[in-house]
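Reading the structure
Listed here are the chains, written in short residue letters.
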Amino acid sequence: MTAAVMAEELGITPSRPVDSIWKTVARLVKLALADPDRGWRAILLSCSVFVLLLGEVAAAGRYSVVQKNLITALQAKDKALFHRGLRNVGRIILCISPIIALREYAAGVLGMNCRTSLTAYFARKYLMPQKPKSDSQAGTDQQAAPCPYYALTLTGEIDNPDQRICQDVGHLVTSGVSFAQDVVRTSLSILTFAPVLYSISPAACIGGIAYAVTGTVVSARSFGRLLGVYQLRSLQREAHLRYTLIRVREHAESIAFFEGGAAEFSKFHGGFRNLLEALYQSVLVATGYSMLNRTFHWATFAVIPMLVGPAYLDGRVEFGVISQATMAFNIILEALTLAMHRLESLSDLRVRLQRLAQLDDALSLPPVSPTTGAMAGTIPTDGVLLRFEAVTLRTPQHKDVRPKVLFEDLSFEVLGGQSLLISGASGIGKSSLLRAAAGLWGVAGSIQLQRSEVFFMPQKPYMFLGSLRDQLLYPQVDTSSASSTRLEEVLRAVNLEELIHVGLEEVKDWANILSLGQQQRINFARVLLQPSIRFALMDECTSACDPENELLLYQLLQQHLRGYVSVGHRPSLQQFHTHALWLRRSTPTTTTEIDFLIMQEFQEKMIDKFIDCIDKLNYGILWPEPRLS
Ligand SMILES: Nc1ncnc2c1ncn2[C@@H]1O[C@H](COP(=O)(O)OP(=O)(O)OP(=O)(O)O)[C@@H](O)[C@H]1O
């Protein structure tokens, strides 16, 4: 079954053509071998495994001759020949054991080596922003390349990338290395034993090959496709099930407030039932497959006595030849029916290959964001910190949601020394405007800002897994160079002095032990600790702070930055901004109207709006008569 057919079977519509399985294998092998750090080691280890396999098969070939002589000596009651045969058996065992052990070791290390290369490749591609490739993009170095992990979440095209990177790569490499060895071993075995068997009995050789090929074709046709479909389905459902529990861990507090354990259990139970259904279907298919496999296997025992027995009874061959023919036949049969016996693990291998190929394709998209259009990035001139020019913004292309236009043809500038408050009703597109400015969503039109000087503070502060030092210096990778004195000074500045006593090197689950307001203050500390930052884009980032702390934080920004943009609803924010961008829409379907105003004008309009509301209240338009029963 091709990858495309399997995807169709599962109701998945691939957004781009799915590669054939062999192309995918070649792509991943190339990746492992082309790794500049480990590629040469992988090649060396593959060669060693091949040479050791040659030794193993050669020893097995020699063993079949020794075995024939031993059995013949027994039949002839020749003691000397029998003892020599036993010594030869001992020699071969002594020789083959270290070869097998060495081969196992080399194959194990080869697997680890390939896993390291592939995991590093996928993890880097998933977590690190892609560099612009084309010349036109190369000039705009400040451009925020889209973060692949974010883009995948937005489009929803690839399920569970974490499982693909951590588990699928591991399984794939282990089964892949083992299967590759089997293929090489069986090919060598066929080359070694087919002539032996043919010399004993051409009928046994040809009959054995025909028997094996028929069995493989029948089992692959009847069960291969179904096994693949159910394996893929089980894998996806298992990942979804695990994800429901991960969400409970991440949102434990909110769920506890709601006492939502029963709802979560019901969700988990539903997912588990779905998984069991897929597993049950797999068991049914595996039972049918196993029955065919076993029947085929048992039937082989009668084949050699049927084909070579008459020659022995007529005295044309020695008794030992029957044993040698049986061994050669079994080895050839095993080799030729490899695909048949390993059908389950082969289809598992194919499923994982396909999942990794999909992930690689999705991560290889050109560096444009999931919404259509240009990315924020060109550097502004003339003291402008942020410039929007005829910008139209749409929500991202998600596989389940149709994009909608949030605003059209928006132009404005924020100059050095200015600060802008973005205001408007909930859901109108304020945060999305910041997402576009930060380069997370693409737009039509142009957005100019000096990306390396900008700090973006999302609505929900992100707490990194690590020490307090790591938190404060996030997203810097090397945190050892910052002096403790400076970090403590900044902690005091943002009113988090109490954390100094916890210790800068202390590793804790900060997201759970700090209040939301404290986490927001950590965000401001991060701005102060990055000397290159001149401009901040902030989304409701003081929403959990009291007015004193809010005032303190904005005063710090005014001292350290050349300008900032905030999104927020609270009137208290107006005093910290020189300008306002007011987004409004009379009905959900009408176009968004946008005004860029100096703060005083905005405040006057707000007062008019407030008075209008009070009038409506007085006429009972907004506040209906209470209905008392
Ligand atoms: N990832 C997304 N995919 C599709 N639509 C989205 C996505 N994120 C937001 N939207 C939609 O875009 C619109 C604007 O959302 P946005 O978060 O910008 O609103 P907002 O003005 O900041 O609201 P609030 O004040 O409530 O935070 C909403 O209708 C929302 O449903």
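That block above? That's the structure.
Read on for a plain summary of the structure.

Conventions we followed
Starting afresh in each chain, residues are numbered from 1 along the sequence in its written order. Only residues with pLDDT of 70 or above have their local features reported here, since the model is predicted, and side-chain atom pairs are shown and tallied only from 80 upward, although totals for entire chains, interfaces and linings are computed over all residues. Water and hydrogen atoms play no part in the side-chain values, which are based on all heavy atoms of the structure. Residues belong to a common nonpolar core when they are buried Ala, Val, Leu, Ile, Met, Phe, Trp, Tyr or Cys residues joined through side-chain atoms within 4.5 Å. Only protein chains enter the accessibility calculation, which uses a 1.4 Å probe; a residue whose area is less than 20% of its type maximum is buried, one above 50% is exposed, and one in between is partly exposed. We call two residues contacting when some pair of their heavy atoms lies within 4.5 Å. Patch membership needs two things, relative accessible area over 30% and no salt bridge, and members are linked within 9 Å if like-charged or within 5 Å if nonpolar (Val, Leu, Ile, Met, Phe, Trp, Tyr). The protein chains shown are the only cover counted for residues, whose accessible areas, like all others here, come from Shrake-Rupley with a 1.4 Å probe. Just to be clear on terms, a salt bridge is a Lys or Arg side-chain nitrogen sitting within 4 Å of an Asp or Glu carboxyl oxygen. Working definition: helices are DSSP H or I runs of at least four residues, strands are E runs of at least two. Numbering for both runs from the N terminus. What counts as a ring pair is set by centres within 6.5 Å for rings of Phe, Tyr and Trp (its six-membered ring), and what kind of pair is set by the plane angle: stacked under 30 degrees, edge-to-face over 60, tilted for all other angles. Strand pairing is assigned whenever DSSP identifies at least 2 bridges connecting the two strands. As a rule, the C-alpha atoms of each element are fitted with a line to give its axis, helices using only the stretch in contact, and angles between N-to-C directions run from 0 to 180 degrees.

The next point concerns the nonpolar core. Judged by nonpolar contacts, the single largest core of 41 residues is most densely connected at Leu468, Leu472, Val494, Ile522, Phe524, Met538 and Leu557. Those residues in contact with Ile522 that sit more than four places away from it in its chain are Met463, Leu468, Gln471, Leu472, Leu496, Leu499 and Leu514. Core analysis: the second largest hydrophobic core is formed by 31 residues, Ile422, Ile428, Val565 and Val567 among them.

Next up on the list: a nonpolar patch on the surface. On the surface, a cluster of nonpolar side chains totalling about 380 Å² of accessible area is made up of Ile607, Phe610, Ile611 and Ile614. Assignment of secondary structure puts Ile607 in helix H21 (residues 599–618).

Here we come to the packing of aromatic side chains. The geometry of an aromatic ring pair is captured by two quantities: the separation of the ring centres and the angle between the planes. Counted under the stated rule, the structure contains 12 aromatic pairs. With a centroid separation of 6.4 Å and 75° between ring planes, the pair formed by Tyr126 and Tyr149 is classed as edge-to-face. With Tyr126 in helix H4 (residues 79–127) and Tyr149 in helix H6 (residues 148–155), this pair connects stretches of sequence that are 23 residues apart. Residue classification places Tyr126 among the buried residues on the basis of a relative accessible area of 17%. What makes Tyr149 partly exposed here is its relative accessible area of 33%. Summarising the aromatic geometry, the rings of Tyr554 and Tyr564 are spaced 5.5 Å apart at their centres and angled 55° between planes, so their arrangement reads as tilted. With Tyr554 in helix H20 (residues 547–560) and Tyr564 in strand E9 (residues 563–567), this residue pair connects regions lying 10 residues apart in the sequence.

Here we come to the sheet that holds strand E11 (residues 593–598). In spatial order, the strands read E5-E8-E9-E3-E10-E11; together these 6 strands make up an open sheet with mixed pairing. Lying at the two open borders of the sheet, with one neighbouring strand each, are strand E5 (454–457) and E11. With direction set aside, neighbouring strand axes in the sheet form an average angle of 15°. Bridge count between strand E3 (residues 419–424) and E9: 4 bridges; the pairing is parallel. Residue pairing across strands places Leu420 opposite Val565, the latter belonging to E9. Those strands touched by H20 are strand E8 (535–539) and E9, and its axis lies near 145° from that of E9.

None of this, on its own, says anything about what the molecule does.
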